[in-house]
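If you want the building blocks of each chain, they are given just below.
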Amino acid sequence: MRRLIVTTASLVLVACSGPAEPPAGTPDAATPALEVNVYSARHYDSDRALYDAFEAETGISVRVREANAAQLLETVRAEGENSPADVLITADAGALWRFKEAGLTQPIASARVEDTVPARYRDGDGHWTGLALRARVVAYDPQAVSAEDIATLGALADERFDGEICVRSSSNIYNLSLLGEIILRDGVDAAARWAESLASNMARDPQGGDTAQIEAVAAGLCSIAIVNHYYWVRLATSSSQAQREVAAKTALAFPAVNGGVHVNVTGAAMARHAPSPEAARRFIEYLLSQEGQAMLVSETREFPIVEGVTLPAGLDTLPEFTRSDLDLGELGETQATAQRLFDRAGWN
Ligand code: FE2
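The following refers to the structure shown. Values in this document were obtained by computation on a predicted structure and should not be read as measured data.

### With respect to the overall build of the chain
And step 1. In terms of helices and strands, the chain carries 13 helices and 10 strands.
And step 2. Scaling as 2.2 N^0.38, a compact globule of 348 residues should have a C-alpha radius of gyration of about 20 Å, and the chain matches this with 22 Å.
And step 3. With the C-alpha coordinates aligned to their principal axes, the bounding extent of the chain is approximately 80 × 40 × 30 Å.
And step 4. Counting the 348 residues in the chain, one finds 53% classified as buried.
And step 5. For the chain, restricting intrachain contacts to residue pairs at least 6 apart in sequence, the fraction spanning at least 24 positions comes to 78%.
And step 6. When the 29 basic and 47 acidic side-chain charges of the chain are each reduced to a single mean position, those positions are 2 Å apart.

Quick look at the structure:
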């Protein structure tokens, strides 16, 4: 593997003796970076291992700042042109869109990314790319509900599920993107009716994260919970017997929105003022390598976005399902409408 330490040597030559041979094709070849600054909304030990592996392979050290997506956005905005951020990592296309919309990103400009990641999982202007996939699905009580009864997400609006639905707050980006897809598929009026019916079918006011909804189903508080698939898989494969029992009392169904299951991404964006865009590009490309992909999803239990990567434990037992073919870049524009519909429906 080519190591950037070599280009550091050529930089020294440039400084001491005029034009030396620059690395070809790198926009920032005159200032090669030995460091990439990653602002990440993820907090996993497996990501640390991933950064170490990238460092070992490229000689580029990884500096990480971890916070939630909203905090990272405010930090990058406040840092302005002096921001050390090269790469921004967060979950959900809707959250990545917020960084782009705030003017905090620029094109990744990587042919490798474009060749590897399907266009619907990337920003149309190339500012961000998906790295891993998650499906927003349903955990249910198989004693109370049959999978056929919840074959579509629309079925959850049926009055037979009055008092049976648990779901987290509407301000959560996962729900905003889910309703965003319903808006795009079925129209605003149908999406409004769905949100209203769901709100009236709730067993309780929205509270807690996705795992708490699965626990509520296992505890008999409700029979249906809308959750991202990996929360259930983590429980099912947990080292804690209590957590495995929670999963065992529930089952996972993959209801389609209108043609396919709502999927979203964990993704990476190139920061607008990235001091080391070439190192950032290499880092993002590494996350899309077979090795990078395997490490990226090993603990999170997301689906790799690249074909042929070995699935992490627990995913191999899930049923096959048809993914929505929605272009995730469209979900940003629907956020405000989705929030308005949720508010009007009383879905807190
Ligand atoms: Fe999550």
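So, next bit.
### Overview of the side chain of Gln213
And step 1. By secondary structure assignment, the location of Gln213 is in helix H8 (residues 210–218).
And step 2. Given the relative accessible area of 0%, Gln213 is considered buried.
And step 3. Polar side-chain contacts of Gln213 include one of 3.2 Å to the side chain of Arg204.
And step 4. A distance of 2.7 Å separates a polar side-chain atom of Gln213 from the backbone oxygen of Gln207.
And step 5. The contact partners of Gln213, leaving out residues within four places of it in the chain, are Cys166, Val167, Arg168, Arg204, Gln207, Gly208, Ala225 and Val227.

### Overview of the packing of aromatic side chains
And step 1. Here the structure, examined in full by the defined rule, presents eight aromatic pairs.
And step 2. Taking 5.9 Å as the distance between ring centres and 40° as the angle between the ring planes, the aromatic pair formed by Tyr51 and Phe283 counts as tilted. Of this pair, Tyr51 sits in helix H2 (residues 45–58) while Phe283 sits in helix H11 (residues 277–287), and the two are 232 residues apart along the sequence. Taken as a pair, Tyr51 and Phe283 share a single burial class, namely buried.
And step 3. Both rings, one in Phe54 and one in Phe283, keep their centres 5.1 Å apart while their planes meet at 85°; by these two values the pair is edge-to-face. You can see Phe54 sitting in helix H2 and its partner Phe283 sitting in helix H11, a full 229 residues away along the chain. For the residue pair Phe54 and Phe283, the accessibility class agrees, reading buried in each case.
And step 4. An aromatic cluster of at least three residues, connected via ring pairs, comprises Tyr51, Phe54, Phe283 and Tyr286.
And step 5. Stacked on the ring of Tyr39, the Lys or Arg Arg65 has its end atom at 5.6 Å from the ring centre.

### Here we look at the packing of H2 against H11
And step 1. Contact geometry for H2 and H11: axes closest at 11 Å, N-to-C directions at 120°. By the angle between their axes, H2 is oblique relative to H11. In this structure, H2 crosses over H11, and the sense of that crossing is right-handed. Taking contact as the criterion, the partners of Leu50, Tyr51, Ala53, Phe54, Glu57 and Thr58 in H2 are, on H11, Ala279, Arg282, Phe283, Tyr286 and Leu287.
And step 2. Classifying every residue of the contact of H2 with H11 by side-chain character gives eight nonpolar, one polar and two charged.

### Comments concerning the coordination of the iron ion
And step 1. The coordination sphere of the iron ion contains the protein donors Tyr174 (OH), Tyr230 (OH) and Tyr231 (OH), at a distance range of 1.9 to 2.1 Å.
And step 2. All donors of the iron ion come from a single chain, and their spacing in sequence reads Y-x55-Y-Y. For the residue pair Tyr230 and Tyr231, the accessibility class agrees, reading buried in each case.

### Structural notes on helix H12 (residues 290–298)
And step 1. Within H12, the full set of buried residues consists of Gly292, Gln293, Leu296 and Val297. Each buried residue of H12 sits inside an arc of 115° when the element is viewed along its axis, so together they form one side.
And step 2. Against the buried residues of H12 lie H2, strand S5 (128–140), H11 and strand S10 (303–304).

### Things to note about unusual backbone geometry
And step 1. If you check the backbone angles, Asp92 has positive phi at about 85° while not being a glycine.
And step 2. Residue placement: Asp92 occurs in the loop between strand S3 (87–91) and helix H4 (93–101).

### Some points on the pairing of strand S9 (residues 263–271)
And step 1. Here S9 lies mainly inside the structure; nine of its nine residues are buried.
And step 2. Pairing of strand S4 (residues 105–106) with S9, which is carried by two bridges, proceeds in the antiparallel orientation. When the bridges of S9 are listed, Thr105 appears paired with Ala271.
And step 3. Bridge analysis of S5 against S9 gives seven bridges, and the strand direction is antiparallel. Across the sheet, the residue bridging to Leu133 is Val265, located in S9.

Rules and cut-offs
- Residues numbered from 1 in each chain as written.
- Predicted model: local features only at pLDDT ≥ 70, side-chain atom pairs only at ≥ 80, totals over all residues.
- Heavy atoms only, no water.
- Helix = DSSP H or I, 4+ residues; strand = E, 2+ residues; numbered from the N terminus.
- Rg over C-alpha atoms; globule rule 2.2 N^0.38 Å.
- Buried < 20%, exposed > 50% of the residue type's maximum accessible area, 1.4 Å probe, protein only.
- Contact = heavy atoms within 4.5 Å.
- Lys, Arg positive; Asp, Glu negative; His and termini not counted.
- Charge placed at Lys NZ, Arg CZ, Asp CG, Glu CD.
- Polar contact = N/O pair within 3.5 Å; in protein donor to acceptor, adjacent residues only side chain to side chain.
- Phe/Tyr/Trp six-rings, centres within 6.5 Å; stacked < 30°, edge-to-face > 60°.
- Lys NZ or Arg CZ within 6 Å of the ring centre and 35° of its normal.
- Axes fitted to C-alpha atoms, helices over the stretch in contact; angles between N-to-C directions.
- Parallel < 35°, antiparallel > 145°, perpendicular 65-115°, else oblique.
- Left-handed = near helix turned anticlockwise from the far one by under 90°.
- Nonpolar A, V, L, I, M, F, W, Y, C, P; charged D, E, K, R; others polar.
- Donors = N, O, S within 2.8 Å, 3.2 Å for Na, K, Ca; no water.
- Arc of directions from axis to C-beta.
- Pairing = 2+ DSSP bridges.

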